[in-house]
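# A closer look at the structure
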Amino acid sequence: MKAASIQVILCKCCTELPAVLNIERLRKLAEESCNVVSVMMVDAICDGKGLPAVVNNAKEAEVDRAVILACHKKDIKPALFKAYRRAGINEFMIEIVNIREEALLPHASEPERAQLKAETMLAASLARARLLAPLEKQTEAMKTKNVVIIGAGASGQAAAHAAAKTGAHTILIEKTGKSLKAPGIVMPHSQVVGAKGYGGNYQLTIKAGDKIENLDAAAVVIATGGGWTQLKGPLAKAVKDAMPLYKLHEHLQAGSVPKGPVVFVDTPDPTGKTMKVQDYAWDDTLETALQLKRKARETQVFVIFQEMRAFGLSELAYKEAADLGIKFVRYDKSAVPKIDPKEPTNLIVKDFAQGDVLSIKIGTLVFSSIPANQDNQAIADALRIPMSVDGGVRRGSIQRWPVTTPRPGIFVCGSALFPKSNEVAKAEGEAAGSMAGEFVAKGEIEFGGSVAQVTQEKCSACLTCIRTCPYEAPFIGTASKAEIKEQLCQGCGMCVGICPSKAIELHHYTDDQIMAQARELLGGDF
């Protein structure tokens, strides 16, 4: 077997690394390490300007793998892998070390400690890199160009239009019978009740009225919205004619003005005992309160809240609200608002800022809370995607992929995540629809590489991996042993860690690679 030939790249992260770390010490350590044939320094590998020189150096030194000390790999990985392919280096032979965020930033005021940690991380990464093996990915053609959008609200319709622009065929699944105009097919009175397959080739089970239908989908967009109609709690129980925010908005759109004073409260259950509130539609609350005050200047308007956030330019609404005389009252959870038992038309609340106990007469009570949509759990179970603690769908990386989910080919937008204003929900719908359309436009899916593999001789067919995997990748094959469906495997390693027979190994994260790295990090011989 040919000995490893390693190229080490030290990225200065502009000027951040040299300001704290001794780059020359790192360079010397790399040069003196076994199997290292080339060491290069670049100013900022993430901007791409230094990549041609890196590739040329790799070709000249005839390296077969690389260790890059830089920042977060998601910021530099796509362009880096593409560049190294030109040098004939497999992407799984590249080890990226996040030296900026794991050594530099935590110890910015302790240069020696940061230096020691950086040097240890370099040595550990080199130990792992020597044992890396090239892996290949495979492709499979998509069977359909369908993008299925679950939910036909503001974000769902925006997603349908955006996906259609990319050439995808859109199918809107809407559980109500409301009529709407959207590209592609609209399926009213329908719900997703089951799913199998993987990104690019999903098979959905749809309940359409009383019928069960099967539907192929290359991508899915979840746009279920919030659960406005399920508002429950002591305040809603005490004030029978209280209404959710969207109902007040409908009244104002129709030209009617509610009876004053109008009191907006964040939730009908401030204690949180009877209703799981996802969040509050504060952007819409501010806009609706302003709309009401502009239409009826003499009407008193109160906004009562525990925490309040307005995003972006919506913060400008606070000033106009104050100018128009809208009163804001913040309360603490230890003294929640409640109906006066002696005067049922009055709301008692302690102003957290002033310390005063206020008694506010109620003409119309409006709730701004949006509970998590009760359909989210069933949809998440069907699609095998995780939920957030608030009952919304959990997204992928909030920085780089805010409308994705951990499962390829499934996207999410609008209040399915957490409450949004119409404007933000539409923007997210457009983003999710565009990404789903671009995903489908590829025409094929890529899989393999860093996936699990079962050693059949060791497998005891105990089914532990099948019960554990969140992506349903393991299955019992014809030999009555566990096998891995590579198209479904996401390389999370859960099956590897839990297998009692130690029959499963994760490519690119083998036991030998991890142990070699651990020995360097811990300084032990084990």
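Here's a quick rundown of the structure. Position labels on residues start from 1 in each chain and follow its written sequence. Under the rules for a predicted model, residues below a pLDDT of 70 receive no local features and side-chain atom pairs below 80 are neither given nor counted, while totals for whole chains, interfaces and linings still include all residues. To obtain the side-chain values, all non-hydrogen atoms of the structure were included, while hydrogens and water were left out.

Time to look at the nonpolar core. One finds Val8, Ile45, Val67, Ile68 and Tyr84 to be the most contacted residues of the largest nonpolar core, which totals 49 residues. Ranked by residue count, the leading element in this core is helix α6 (residues 111–129), at six residues. We call a set of buried residues a nonpolar core when its members are Ala, Val, Leu, Ile, Met, Phe, Trp, Tyr or Cys and they connect through side-chain atoms within 4.5 Å of each other. Accessibility here uses a 1.4 Å probe with only protein chains present; expressed as a share of the type maximum, an area under 20% marks a residue as buried, one over 50% as exposed, and anything in between as partly exposed. Counting residues in hydrophobic clusters, the runner-up holds 40 residues, among them Val147, Ile149, Ala452 and Leu506. Starting at the N terminus, helices and strands are each numbered in turn, a helix being any DSSP run of H or I of at least four residues and a strand any DSSP run of E of at least two.

Right, let's talk about helix α7 (residues 154–165) for a bit. The first and last C-alpha atoms of α7 sit 17 Å apart over 12 residues, in line with the 16 Å expected at 1.5 Å per residue. Those residues of α7 not exposed but buried are Ser155, Gly156, Ala158, Ala159, Ala160, Ala162 and Ala163. Should any heavy atoms of two residues lie within 4.5 Å, those residues are considered in contact. In the core, the buried residues of α7 are packed alongside β6 (146–150), β7 (169–173), β12 (219–222) and α13 (422–441). Downstream of α7 by one or two residues, glycine 167 has phi in the positive range, about 100°. Expected span of a helix: the number of residues minus one, times 1.5 Å.

The salt bridge definition used is simple: a Lys or Arg side-chain nitrogen within 4 Å of an Asp or Glu carboxyl oxygen. This structure, assessed with the given rule, holds 17 salt bridges. A salt bridge links glutamate 112 to arginine 25; the nearest nitrogen and oxygen atoms lie 3.6 Å apart. One end of the pair, glutamate 112, is in helix α6; the other, arginine 25, is in helix α2 (residues 23–31), and 87 residues separate them in sequence. With a closest N to O distance of 3.3 Å, lysine 319 and aspartate 323 form a salt bridge. One end of the pair, lysine 319, and the other, aspartate 323, are both in helix α11 (residues 316–324), four residues apart, so they sit about a helical turn from each other. Three or more residues joined by partner-sharing salt bridges are found here, namely Arg85, Glu91, Lys137 and Glu446.

So, about the sheet that holds strand β19 (residues 346–350). Following DSSP output, two strands are said to pair if at least two bridges run between them. The strand order across the open sheet formed by three strands is β18-β19-β20, and the pairing between neighbours is antiparallel. Either end of the sheet is taken by a strand with one partner, and the two such strands are β18 (338–339) and β20 (357–361). Pairing of β19 with β20, which is carried by five bridges, proceeds in the antiparallel orientation. Its bridge partner being in β20, leucine 347 is matched across the sheet by isoleucine 360.

So, about the packing of aromatic side chains. Centre-to-centre distance and the angle between the planes together describe a pair of aromatic rings. Pairing of aromatic rings covers Phe, Tyr and the six-membered ring of Trp, with a centre-to-centre limit of 6.5 Å; geometry is then stacked below 30 degrees between planes, edge-to-face above 60, and tilted otherwise. Summed over the entire model, instances satisfying the criterion amount to two aromatic pairs. Plain terms: the ring middles of tyrosine 318 and phenylalanine 328 are 6.1 Å apart, the flat faces sit at 70° to each other, and that makes the pair edge-to-face. Placement of tyrosine 318 in helix α11 and of phenylalanine 328 in strand β17 (residues 327–330) is noted, with a sequence separation of 10 residues between them. Taking relative accessible area as the criterion, tyrosine 318 reaches 27% and is therefore assigned partly exposed. Residue phenylalanine 328 is classed as partly exposed on the basis of its relative accessible area of 28%. A ring pair is formed by phenylalanine 411 and phenylalanine 439, whose centres lie 6.3 Å apart and whose planes are at 70°; its orientation type is edge-to-face. Of this pair, phenylalanine 411 sits in strand β23 (residues 410–412) while phenylalanine 439 is found in helix α13, placing the two residues 28 residues apart along the sequence. There is no split in this pair, since phenylalanine 411 and phenylalanine 439 are both buried.

Strand order in the open sheet made by the three strands is β9-β10-β11, with antiparallel pairing throughout. Whereas interior strands pair on both sides, the edge strands pair on one side only; in this sheet they are β9 (190–198) and β11 (211–217). Each adjacent strand pair in this sheet contributes to an overall mean axis angle of 20°, direction not counted. Judged from the eight bridges that link them, β9 and strand β10 (residues 201–208) form a sheet pairing that is antiparallel. In the sheet register, glutamine 191 faces β10, and the bridge partner there is lysine 207. Only C-alpha atoms enter the line fits that serve as axes; for helices the fit covers just the stretch in contact. Angles between N-to-C directions range over 0 to 180 degrees. The strands that helix α12 (residues 375–383) touches are β9 and β10; relative to β9, the one it contacts most, it runs at about 25°.

Proline 261 follows glycine 260 through a cis peptide bond whose omega is -10°. Tracing the sequence through the fold places proline 261 in the loop between α9 (245–253) and β14 (262–265). One non-glycine residue, lysine 502, adopts positive backbone phi at about 55°. Here lysine 502 lies in the loop between α15 (494–498) and β28 (504–506). Phi at histidine 508 takes a positive value of approximately 80°, unusual for a residue other than glycine. With respect to the helices and strands, histidine 508 occurs in the loop between β28 and α16 (511–522).

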